[in-house]
Amino acid sequence: MARFRSTLLPEILRTLLRAPETVDYPFGPAELQAGYRGRVAVHAERCRGCSLCVRDCPAMALELERDGKDSYRLIYHPDRCAYCGQCELSCRFDCIYLTNEFVPGTADRESLVTVLVDRKPEGGT
Ligand code: SF4
Ligand code: SF4
């Protein structure tokens, strides 16, 4: 009992008074490390539609739909993505990169599909 009072009790009180060490997620935003490999994003203005990222993606998570020379869409499927970073390595224009954003789980995979680049010819709609 004496040991409980001298060591365990103070530790319990300290623990009760400390701020929580757990995170709020999923009730609050998930704060991830800077180096976490998450959702893929682009600097759309740098994209040339060369499709090197599509060619090298081992998970077929990227798709390039081309309507003409200057008209294409770069589409990303996060549900297929392995977050390997190969697209970032393959792109010669520093366009595509991995963010540290968490991709939430869903039962509707289609809802995750993202158009990263939607390029239209100049003067087109
Ligand atoms: S991170 Fe890997 S799997 Fe995901 S889109 Fe890029 S190359 Fe494909
Ligand atoms: S993101 Fe980079 S590699 Fe992919 S199509 Fe655009 S320019 Fe080419």
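Right, let's walk through the structure included here. (Residues numbered from 1 in each chain as written. Chains lettered and ligands numbered in written order. Predicted model: local features only at pLDDT ≥ 70, side-chain atom pairs only at ≥ 80, totals over all residues.)

1. Concerning the overall build of the protein chain
Step number 1: Assigned secondary structure in the protein chain consists of three helices and five strands.
Step number 2: Dimensions of the protein chain, computed from C-alpha atoms along their principal axes, come out at roughly 80 × 25 × 25 Å.
Step number 3: The long-range fraction of contacts in the protein chain, counting pairs at least 24 apart against all pairs at least 6 apart in sequence, stands at 71%. (Helix = DSSP H or I, 4+ residues; strand = E, 2+ residues; numbered from the N terminus. Contact = placed C-beta atoms within 7 Å.)

2. A look at the site of ligand 1
Step number 1: Around ligand 1 lies a shell of 14 residues, among which Cys57, Cys81, Cys84, Gln86 and Cys87 are the nearest.
Step number 2: Among the residues forming the shell around ligand 1, the class breakdown is 12 nonpolar, two polar and no charged. (Near = placed C-beta within 6 Å. Nonpolar A, V, L, I, M, F, W, Y, C, P; charged D, E, K, R; others polar.)

3. Focus: helix 1 (residues 2-17)
Step number 1: Look at helix 1: 22 Å from first C-alpha to last across 16 residues, which is about the 22 Å you get at 1.5 Å a residue.
Step number 2: Along helix 1, the largest kink reaches about 35° and is centred on Leu8; proline Pro10 follows within four residues of it.
Step number 3: Judged by how many residues are buried, helix 1 sits mostly at the surface: zero of 16 residues are covered. (Expected span 1.5 Å × (residues − 1). Bend = angle between axes of the 7 residues up to and from the residue. Buried ≥ 20, exposed ≤ 12 C-beta atoms within 10 Å, placed from the backbone.)

4. Section: the site of ligand 2
Step number 1: Close contacts around ligand 2 come from 14 residues, with Cys47, Cys50, Cys53, Cys91 and Ile96 the closest.
Step number 2: Looking at the shell around ligand 2 residue by residue, the class counts come to 10 nonpolar, three polar and one charged.

5. Description of the environment of Pro121
Step number 1: Within the secondary structure, Pro121 sits in the segment after strand 5 (114-119).
Step number 2: Sequence separation between Pro121 and Thr15 is 106 residues, and the spatial gap between their C-alpha atoms is 62 Å.
Step number 3: Not counting the four nearest positions on each side in its chain, Pro121 is found in contact with Gly68, Asp70 and Ser71.

6. Overview of the sheet that holds strand 5
Step number 1: In spatial order, the strands read 2-3-5; together these three strands make up an open sheet with antiparallel pairing. Every interior strand has two partners, whereas the edge strands, strand 2 (62-68) and strand 5, have only one. Going across the sheet, the axis of each strand differs from the next one's by a mean of 15°, ignoring polarity.
Step number 2: The sheet contact formed by strand 3 (residues 71-76) and strand 5 spans five bridges and is antiparallel. Directly across from Tyr76, in strand 5, lies its bridge partner Thr114. (Pairing = 2+ DSSP bridges. Axes fitted to C-alpha atoms, helices over the stretch in contact; angles between N-to-C directions.)

7. Comments concerning the pairing of strand 3
Step number 1: In terms of strand pairing, strand 2 meets strand 3 through six bridges, oriented antiparallel. Residue pairing across strands places Glu63 opposite Ile75, the latter belonging to strand 3.

8. Remarks on the nonpolar core
Step number 1: Counting residues in hydrophobic clusters, the biggest one holds 15 residues, and the most contacted among them are Val42, Cys53, Leu62, Cys87 and Ile96.
Step number 2: Within the residue set of this core, elements represented by two or more residues are strand 1 (40-42), strand 3 and strand 5.
Step number 3: Setting aside residues no more than four positions away along its own chain, Ile96 makes contact with Val40, Val42, Cys53, Cys87, Glu88 and Cys91. (Core = buried A, V, L, I, M, F, W, Y, C linked by C-beta atoms within 7 Å.)

9. As for the environment of Asn100
Step number 1: Position of Asn100 relative to the elements: it lies in the loop between strand 4 (96-98) and strand 5.
Step number 2: Linking Asn100 and Arg39, residues 61 residues apart in sequence, is a C-alpha distance of 6.7 Å.
Step number 3: For Asn100, the contacting residues outside a window of four places in its chain are Leu32, Gln33, Ala34, Tyr36 and Gly38.

These figures come from the coordinates and say nothing about function on their own.
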